[in-house]
Every structure is written in structure tokens, then in C-alpha cells.
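Take a look at the letters that make up each chain.
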Amino acid sequence: MFSREIQVNNQVGLHARPATFFIQKANEFKCSIWVEKDERRVNAKSLLGVLSLGIIKGTTITLLADGPDEQEAVDALHDLIVSNFFE
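For the structure given in this document, a descriptive report is provided here. Quick caveat, the model's predicted, so the values are computed rather than measured.

**Examining the packing of helix α1 (residues 16-26) against helix α3 (residues 70-82)**
Then step 1. Two elements in contact, α1 and α3, have axes whose closest approach is 10 Å; the angle formed by their N-to-C orientations is 160 degrees. On the basis of their axis angle, the class for α1 and α3 is roughly antiparallel. As for how α1 packs across α3, the hand of that crossing is right-handed. Contacts between α1 and α3 pair F21, F22, K25 and A26 from the former with A76, L77, L80 and I81 from the latter.
Then step 2. Here the residues of the contact of α1 with α3 are counted per class, giving seven nonpolar, no polar and one charged.

**Describing the pattern of salt bridges**
A pair can form between side chains of opposite charge whenever their charged atoms are brought close.
Then step 1. Going through the model one piece at a time under the given rule, you end up with three salt bridges.
Then step 2. R4 is the partner of D75 in a salt bridge, and the nearest nitrogen-oxygen pair spans 2.9 Å. With a gap of 71 residues between them, D75 in helix α3 and R4 in strand β1 (residues 2-7) connect regions that are remote in the sequence.
Then step 3. Residue classification places D75 among the partly exposed residues on the basis of a relative accessible area of 23%.
Then step 4. Judged by relative accessible area, R4 falls into the partly exposed class, the value being 31%.
Then step 5. Of the charged contacts in the structure, one is a salt bridge between K25 and E28, with a shortest N-O distance of 3.3 Å.

About the cut-offs
Residues numbered from 1 in each chain as written. Predicted model: local features only at pLDDT ≥ 70, side-chain atom pairs only at ≥ 80, totals over all residues. Heavy atoms only, no water. Axes fitted to C-alpha atoms, helices over the stretch in contact; angles between N-to-C directions. Helix = DSSP H or I, 4+ residues; strand = E, 2+ residues; numbered from the N terminus. Parallel < 35°, antiparallel > 145°, perpendicular 65-115°, else oblique. Left-handed = near helix turned anticlockwise from the far one by under 90°. Contact = heavy atoms within 4.5 Å. Nonpolar A, V, L, I, M, F, W, Y, C, P; charged D, E, K, R; others polar. Salt bridge = Lys/Arg side-chain N within 4 Å of Asp/Glu carboxyl O. Buried < 20%, exposed > 50% of the residue type's maximum accessible area, 1.4 Å probe, protein only.

This is the structure we're talking about:
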């Protein structure tokens, strides 16, 4: 298992459009991926799950992955968040 913390800093957080980009990127990988916020963990490949966390600007989340491409998955999602979802 591989994990990494990151702070979400784009204006709308991980809501609607950015969450869609996040889910699409997560689905490119074979491993299982989760997003954790305040001890609550959801499937990173589930739009409803990710939206249910209510991630707003300034929120720190943990990305976790388990499987053959776990580090690549976490790094790719980290890079997507750092880029502010290319906005």
C-alpha cells in the first residue's frame, strides 16, 4: 500500500468538474484507490463517494492505493491536484 497527503487548493475544491477529472484519472489505473478525509475513506473511482467527502479549498486529504501500479496512481492524482485540475 502506498499513500500520500496533499492539500487541495483550487477554488471550488474537489467538486463537480474537478471531481470528474479526478475520477477519470483514477480509473486509468488497475489498483484500488481511496481518498481519506477526517478518518472517512471512500473509493477514489466513485464520483458519489468523492463528492460526499465535501472537499473544499484548503482541505488536506490522503490518497491511498493498493495494487500493481499504486505509486504511479497516487503520483498521477497528486500531480492533477497540484495542477489545480488544469484550471
